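Overview (structure and organization)
Spelled out, the chains give:
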Amino acid sequence: MVYLGMIFFQIVAPILVLLVLGAVLQKKFRFNLKALSQLITYCFMPAAVFVNLYETSIELSVLGEVALFILLFIGSQMVLSHFLAKGLGLVKTEAAVFKNSVVLINSGNYGIPVAQMIFVTQPIGVAIQVILVIFQNMTTYTYGLYNLISSTKSSMSIVKDFLKMPIIHALIIGVAMNYFNIAIPQFVRIPIDHVADGFIAVALITLGAQLSQLEIKSMFNKMVFISCFTRLVIGPTVALLIIFALGLDGVVAQSLFIASSFPTSRNSSSLALEYDVESATAAQTVLFSTIVSCITVTIVIYVAELLFT
């Protein structure tokens, strides 16, 4: 229990502090959240991804294990959310939002900061989280978009939008420069490091600012509860079974298990708002799952430390 408390206060509590700070600042100053989100997408996150991949070497066998886990895990969540939506008798728009809330995970501005705090001395743990972010972005702009706008947007335009994402360019450049051992001049490396170091704070403050605009009282409904239970409890349970089935262990198993416990992605809410599909419910799910994850993520980190030391 003492160790569980240490995990909460050393990893989860700092995240909460930054979320609350973002919420307070947003209430006082009314930031341009779209501008902040673009700053993260086009500056801070690509820098963090580049630095991590440039500095970390991942064996092909490990990369294959991670890719296989991701495919099995995301596939299982898609199937599970589909049948749950049918069982709940949700209409088409509600089902689309429900499925996205289960499958799309906040691996970016929640997951990477958590990974950086946990695996500060084990960069491979952060690198695995970066790979998960890439897969989650692919899932968001394929499966997630298909759920909402399959009849209004072509698959080619979705692919074009995905390839324009700076995180993809950072991934390719970081891996290539790592593989060919290309040195970076100091006058370039220093500012990149400064931007990458600022990612955690800016990402979490922005997330707190976004969440502060949602109404807490309106999120208490059956669909939100079931979605969050599936995302935060059933999701990690399924992930653990897959990890055991694949025989994974050590930092790889820890990283993947912890990554499976993160709350619903804010992108699920952003997409629903952009295309006017049950946007209020989507936003409520993001807020509720983020709040509850403070407890569930703490427990998952604790279990991961026990099982995969």
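See the structure printed just above.
Everything numeric in this text was worked out from a predicted model, so none of it was measured. (Residues numbered from 1 in each chain as written. Predicted model: local features only at pLDDT ≥ 70, side-chain atom pairs only at ≥ 80, totals over all residues. Heavy atoms only, no water.)

1. What about the pattern of salt bridges?
Inclusion rule: When a carboxyl oxygen of Asp or Glu lies within 4 Å of a side-chain nitrogen of Lys or Arg, that pair is called a salt bridge. Here a strand is any run of E in DSSP of at least two residues, a helix any run of H or I of at least four, and the numbering for each starts at the N terminus. Type-normalised accessible area, obtained with a 1.4 Å probe on protein chains alone, sets the label of each residue: buried when under 20%, exposed when over 50%, and partly exposed for intermediate values.
All told, the structure shown has two salt bridges when counted by the stated rule. The salt bridge involving Arg-189 is made with Glu-55; its shortest N-O contact spans 2.3 Å. Here Arg-189 is found in helix H9 (residues 186-197), whereas its partner Glu-55 is found in helix H2 (residues 33-55), with 134 residues between them in sequence. Exposure remark for Arg-189: the relative accessible area of 13% places this residue in the buried category. The closest approach of N and O atoms between Arg-189 and Asp-193, which form a salt bridge, is 2.9 Å. Within this pair, Arg-189 and its partner Asp-193 are both found in helix H9, separated by four residues, close to a single helical turn. Put simply, Glu-55, Arg-189 and Asp-193 are held in one network by salt bridges that share partners.

2. Focus: the packing of helix H4 (residues 92-103) against helix H11 (residues 222-246)
Let me state the cut-off plainly: Axis lines are fitted through C-alpha atoms, for helices just across the contact stretch, and the angle between N-to-C directions can take any value from 0 to 180 degrees. Here the word oblique covers every angle except those under 35 degrees (roughly parallel), over 145 (roughly antiparallel) and from 65 to 115 (roughly perpendicular). Crossing handedness is defined as follows: a turn of the near helix away from the far one that is anticlockwise and smaller than a right angle gives a left-handed crossing, while the clockwise case is right-handed. Contact definition: two residues touch when any of their heavy atoms are within 4.5 Å. Polarity classes work like this: nonpolar for Ala, Val, Leu, Ile, Met, Phe, Trp, Tyr, Cys and Pro, charged for Asp, Glu, Lys and Arg, and polar for all others, with Gly in that last group.
Close contact between H4 and H11 brings their axes to 8 Å; oriented N to C, the two are set at 30°. It follows from the interaxial angle that H4 and H11 lie roughly parallel. Our pair here, H4 against H11, has a crossing hand that is right-handed. Taking contact as the criterion, the partners of Glu-94, Val-97, Phe-98, Ser-101 and Val-102 in H4 are, on H11, Met-223, Ile-226, Ser-227, Thr-230 and Arg-231. Each residue belonging to the contact of H4 with H11 can be placed in one class, and the counts come to five nonpolar, three polar and two charged.

3. A short note on the packing of H11 against helix H14 (residues 279-307)
Following both chains from N to C, one finds H11 and H14 inclined at 30°, their axes separated by 9 Å at the closest point. Taken together, the axes of H11 and H14 lie roughly parallel to each other. Between H11 and H14 lies a crossing of right-handed hand. Within the contact between the two elements, H11 uses Met-223, Val-224, Phe-225, Ser-227, Cys-228, Leu-232, Pro-236, Leu-240 and Phe-244 and H14 uses Thr-281, Gln-284, Thr-285, Phe-288, Ser-289, Val-292, Ser-293, Thr-296, Val-300 and Leu-307. Within the contact of H11 with H14, the residues separate by chemical class into twelve nonpolar, seven polar and no charged.

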